[in-house]
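Each chain, letter by letter, is given below.
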Amino acid sequence: MNYRHHFHAGNFADVFKHVLLMQLVHGMQRKEKGFLYLDTHAGRGGYDLSMPSILPDGRSREPEFPAGIGRLWDAPAGLPPILTEYLGLVRRFNERQGATDAELKFYPGSPWVAKFLLRPQDRMALCELRADDAEALDFEFARETKVTVQAIDGYTGLKAVLPPPEKRALVLIDPPFESRAEFADILRGLRDMLKRLPGAVCAVWYPVTERVRAEEFHRAFLDLAPPPTFFAEISIAGVDSLLRMKGCGLLILNPPWQIDREIRAILPVLAEGLKVDYGAGSQSGWLVPEK
Ligand SMILES: C[S@@+](CC[C@H](N)C(=O)[O-])C[C@H]1O[C@@H](n2cnc3c(N)ncnc32)[C@H](O)[C@@H]1O
């Protein structure tokens, strides 16, 4: 496993994923009953953006956050409320870790994005396979209640944790896509999840590197006979761009009621704010329509 999320922390994909995660948490919280937030590939929980990104061969690597959260950090007032809330959450994490209000030094991973929003009746379960990241994650949440951290494979975690006693869950599957087998692993994980908790709300992040592969993934996903599913994608550059990752998407199973409208409203704003080349944009729709 070579993947280190530190290189990517706060990049355009993190901004997209974390803003939509916030929308989903809010959607879950329209009901008073508590739920389990399960993060199958949780990472370290938070990232120090001032630490140099060093590759295994010793070379340093340009950080990606300037083209992500860095683009929004000093955005003028008047942003849509969910983006204002997202920036407020990042600022809160940044200051909590010891940075001053003005400098962007620390960025929250998905566990902290969720944790800042969870209510006393909600719980959180975090899985991370890398021993050093799992240890850092455990340390991050050592003083928090209603959080469990497990150093295990996230797809095994799905089977271990679901169904939760609450019978309600929001699952984030955010794998590193280091191998081509990842799409197949996701499909197996989703099958296991749906067997255990057919009503689970689940967001699966995927990269858009070559258009065809995302579409293949959507088609293979439909073979699972899945529940209502919405997809949302942004691209920061067009198909002709030399950028390797031109965009990314989230597949959302059992989306909370009317969340599709909120997501549709924010996608063009994100694509515009994060674009780097011609052909940037967004798309979304129902892969499996609501009944
Ligand atoms: C994209 S990062 C997660 C970022 C995190 N969700 C966030 O938004 O802040 C993927 C993480 O999955 C971890 N990982 C890789 N394979 C895994 C597996 N099979 N099960 C659980 N975690 C895994 C990697 O070490 C990495 O920290």
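Residues numbered from 1 in each chain as written. Predicted model: local features only at pLDDT ≥ 70, side-chain atom pairs only at ≥ 80, totals over all residues.

A.B. asks: Looking at this structure, I do not really get the overall build of the chain. What am I missing?
C.D. replies: Helix and strand counts for the chain come out as 9 helices and 12 strands. If you line up the chain on its principal axes, its C-alpha atoms span 45 × 45 × 45 Å. Across the 291 residues in the chain, those meeting the buried criterion constitute 44%. Across the chain, contacts joining residues at least 24 apart in sequence account for 77% of those joining residues at least 6 apart. (Helix = DSSP H or I, 4+ residues; strand = E, 2+ residues; numbered from the N terminus. Buried ≥ 20, exposed ≤ 12 C-beta atoms within 10 Å, placed from the backbone. Contact = placed C-beta atoms within 7 Å.)

A.B. asks: Hey, could you run me through the site of the ligand in this one?
C.D. replies: Of all residues adjacent to the ligand, which total 21 residues, the nearest are H41, G43, G109, S110 and G154. Across the shell around the ligand, the residue classes break down as 7 nonpolar, 6 polar and 8 charged. (Near = placed C-beta within 6 Å. Nonpolar A, V, L, I, M, F, W, Y, C, P; charged D, E, K, R; others polar.)

A.B. asks: Please clarify how the pairing of strand β7 (residues 147-150) should be interpreted in this entry.
C.D. replies: Every regular strand shows the same layout, with side chains that alternate between the two sheet faces. Going residue by residue along β7, you find V147 and V149 tucked away on one face and T148 and Q150 left uncovered on the opposite face. Two elements, strand β6 (residues 123-127) and β7, share 4 bridges in a ladder whose sense is parallel. In the strand pairing of β7, M124 is matched with V147. (Pairing = 2+ DSSP bridges.)

A.B. asks: Where do I start with unusual backbone geometry in this structure?
C.D. replies: Trans is the prevailing form of peptide bonds, just as negative phi is the prevailing case for residues other than glycine. For the bond from L162 to P163, the omega torsion is -5°, close enough to zero to count as cis. Topologically, P163 is positioned in the loop between α6 (154-161) and β8 (169-173). In this model, Q258 sits at a positive phi of 65°, which is unusual for a non-glycine residue. For Q258, the location among the structural elements is in the loop between β11 (247-253) and α9 (259-274).

A.B. asks: Quick question: what am I supposed to make of the sheet that holds β8 here?
C.D. replies: Strand pairing in a sheet is mediated by backbone hydrogen bonds. Such pairs are either parallel or antiparallel. Across the sheet, which stays open at both edges, the 8 strands sit in the order β7-β6-β1-β8-β9-β11-β10-β12 with mixed pairing between neighbours. Looking at which strands have only one partner, the edges of the open sheet turn out to be β7 and β12 (281-288). The mean angle between the axes of side-by-side strands here comes to 15°, regardless of whether they run parallel or antiparallel. Against the sheet, α6 engages β1 (36-39), β6, β7 and β8, with an angle of about 145° to β6. Packed onto the sheet, helix α8 (residues 211-222) meets β9 (201-208), β10 (229-235), β11 and β12 and runs at close to 150° relative to β9. (Axes fitted to C-alpha atoms, helices over the stretch in contact; angles between N-to-C directions.)

A.B. asks: In this structure, what is going on with the environment of Y107? I would like to understand it.
C.D. replies: By secondary structure assignment, the location of Y107 is in strand β5 (residues 106-108). For Y107, a count of 26 C-beta atoms within 10 Å puts it in the buried group.

A.B. asks: Please explain the pairing of β10 as it appears in this structure.
C.D. replies: Most of β10 is tucked away: 7 of the 7 residues are buried. Of the two faces of β10, both are covered, the one formed by T229, F231, E233 and S235 as well as the one formed by F230, A232 and I234. Examined bridge by bridge, β10 and β11 share 7 bridges and lie antiparallel to one another. Within the sheet, the bridge partner assigned to F230 lies in β11 and is I252. With 7 bridges connecting them, β10 and β12 associate as antiparallel partners. In the sheet register, F231 faces β12, and the bridge partner there is G285.

A.B. asks: I'm lost on the packing of helix α1 (residues 12-28) against helix α3 (residues 81-96) in this one. Help?
C.D. replies: The axes of two packed helices give the description: the angle between them and the distance between them. Axis separation between α1 and α3 bottoms out at 10 Å; the angle between their running directions is 110°. With respect to each other, α1 and α3 are oriented roughly perpendicular. On the side of α1, the interface is formed by H18, V19, M22 and Q23, while α3 contributes I82, L83, E85 and Y86. Considered class by class, the residues forming the contact of α1 with α3 number 5 nonpolar, 2 polar and 1 charged. (Parallel < 35°, antiparallel > 145°, perpendicular 65-115°, else oblique.)

A.B. asks: Mind showing me how you'd approach helix α5 (residues 131-140) here?
C.D. replies: Each full turn of the α-helix corresponds to 3.6 residues, which orients residues three or four apart in the same direction. Those residues of α5 lying buried are D133, A134, L137 and E140. Down the axis of α5, the buried side of the element spans an arc of 115°, and every buried residue falls inside it. When the buried face of α5 is taken as reference, the exposed residues oriented beyond 90 degrees from it are A131, D132 and F139. Looking at the buried side of α5, the elements it contacts are β2 (46-48), α4 (110-117), β6 and β7. (Arc of directions from axis to C-beta.)

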